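Residue-level structural notes
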Amino acid sequence: QLQLVESGGGLVQPGGSLRLSCAASGVTLGTYTIGWFRQAPGKEREAVSCISRSSGRTNYADSMKGRFSISRNNAKNTEYLQMNSLKPEETAIYYCAASTNWLGTLMGPALYKYWGQGTQVTVSS
């Protein structure tokens, strides 16, 4: 069965950068669309980005374009979310998730079947 494990979260200053990892086991990661989500205290889970299961095409939420990027390392069966110019309001638990769907746009959490446990990102001075 597919399992996902996020890592790389931590404390970063405003304007700083952080790289998150999503390591998959059980199946080849390239057979799934991988989405990144975040959930801040008291807020709904928000789609951040996704990468397609086959072509590697990516999509980003508008507020993240130009600052965030996602990539895939097939040899390590791992996805990465590079986050730059981080803002305090982006403090949240960040999750990766896997879906068998690909719509060409960001998808809501209901279309993702598998979820990691999340990793905490805190942006503070």
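Residues numbered from 1 in each chain as written. Predicted model: local features only at pLDDT ≥ 70, side-chain atom pairs only at ≥ 80, totals over all residues. Heavy atoms only, no water.

The topology assignment puts Glu-6 in strand S1 (residues 3–7). The charged side chain of Glu-6 is buried without a salt bridge, its nearest counter-charge being Arg-45 at 7.7 Å. From its side chain, Glu-6 meets the backbone nitrogen of Gln-117 in a polar contact 2.9 Å long. Polar side-chain contacts of Glu-6 include one of 2.8 Å to the backbone nitrogen of Gly-118. (Helix = DSSP H or I, 4+ residues; strand = E, 2+ residues; numbered from the N terminus. Buried < 20%, exposed > 50% of the residue type's maximum accessible area, 1.4 Å probe, protein only. Lys, Arg positive; Asp, Glu negative; His and termini not counted. Salt bridge = Lys/Arg side-chain N within 4 Å of Asp/Glu carboxyl O. Polar contact = N/O pair within 3.5 Å; in protein donor to acceptor, adjacent residues only side chain to side chain.)

Okay, the nonpolar core next. Within the largest apolar cluster, 29 residues are counted, with the highest numbers of intra-cluster contacts made by Leu-4, Leu-20, Trp-36, Phe-68, Leu-81, Met-83 and Tyr-94. Taken together, the elements giving at least two residues each to this core come down to strand S3 (18–25), strand S4 (33–39), strand S5 (46–51), strand S7 (68–73), strand S8 (78–83), strand S9 (92–99) and strand S11 (119–123). Excluding residues within four positions of it along the chain, Phe-68 makes contact with Arg-38, Val-48, Tyr-60, Leu-81, Gln-82, Met-83, Asn-84, Leu-86 and Glu-90. Membership of the second largest hydrophobic core comes to five residues, among which are Phe-37, Cys-50, Ala-97 and Tyr-112. (Core = buried A, V, L, I, M, F, W, Y, C linked by side-chain atoms within 4.5 Å. Contact = heavy atoms within 4.5 Å.)

Honestly, that's just the spatial picture; any functional story needs more than this.
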